[in-house]
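Each chain, letter by letter, is given below.
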Amino acid sequence: MNNCLHCGARTANPKYCSRSHAAIHTNQQAPKRQLTRKCAACETLVLASRQFCAAHGKRKADYRLLTVAQLKAKDAIKHPSYYRGYLNSITRLLNAHRPRVCQACGYDKHVEYCHKQPISSFPDSTTVQNVSGPANILVLCPNCHWEYDHGLLTEHPALLS
């Protein structure tokens, strides 16, 4: 019987008692990702594939201040409707603080974000905050969303505010 090189347990194998102990021991001895490069701004060690540390890395624009025209221009070489996916992800970020419960019926298993005023009705100079912010978004289940889009769900008090 041999002893595992990682935990010292008795094993019939020559070195390790399990695959996971072999992997753990090997990765500790020779890690794949090492901090070998220095940040170009502050000399902090970073991964070899990086140029800057997290503090000095490229800053993204505040997505709330982007305009619809800037969203459309972001991936202009793609289909014109491609920006809608990016806008939907921003909508989820802007409304993440809201409870995920249908405002009309209280259903909480699956909800969608519904624009009170359609996206196409806004000019391209409008900011994303105005298009997809909480003031223009309803949280609805798929059934209530369909009814709202087709004008069948208009008298509910939560939707009028």
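What counts and how
- Residues numbered from 1 in each chain as written.
- Predicted model: local features only at pLDDT ≥ 70, side-chain atom pairs only at ≥ 80, totals over all residues.
- Heavy atoms only, no water.
- Disulfide = S-S within 2.5 Å.
- Helix = DSSP H or I, 4+ residues; strand = E, 2+ residues; numbered from the N terminus.
- Expected span 1.5 Å × (residues − 1).
- Buried < 20%, exposed > 50% of the residue type's maximum accessible area, 1.4 Å probe, protein only.
- Arc of directions from axis to C-beta.
- Salt bridge = Lys/Arg side-chain N within 4 Å of Asp/Glu carboxyl O.
- Core = buried A, V, L, I, M, F, W, Y, C linked by side-chain atoms within 4.5 Å.

Q: Please provide a residue-by-residue account of the state of the cysteines, values included.
A: By the definition in use, this model includes 0 disulfides. Summary of cysteine pairing: C17 is not part of a disulfide, and the nearest cysteine sulfur, belonging to C4, is at 3.8 Å.

Q: Could you give me a rundown of helix 3 (residues 83–94), with the residues and numbers involved?
A: A rise of 1.5 Å per residue sets the reference length of helix 3, with its 12 residues, at 16 Å; its end C-alpha atoms lie 16 Å apart and thus fit the reference within 8%. For helix 3, the set of buried residues is Y83, L87, I90, T91 and L94. For helix 3, the buried positions fall inside an angular range of 105° around the axis, keeping them on one side.

Q: Quick one: what's the story with the pattern of salt bridges, residue by residue and with numbers?
A: This model, assessed by the stated rule, comprises 1 salt bridge. A salt bridge links D108 to K109; the nearest nitrogen and oxygen atoms lie 3.9 Å apart. The exposure class assigned to D108 is partly exposed, which follows from its relative accessible area of 45%.

Q: Summarise the nonpolar core; cite the residues concerned and give the values.
A: Formed by C102, A104, V111, Y113, C114, I137, L138, V139, L140, C141, C144 and L153, the largest nonpolar core amounts to 12 residues. Elements that contribute at least two residues to this core include exactly strand 5 (112–115) and strand 6 (137–140). The greatest single-element share of this core, amounting to 4 residues, is contributed by strand 6. Within the second largest apolar cluster, 11 residues are counted, among which are V68, L87, V128 and V131.

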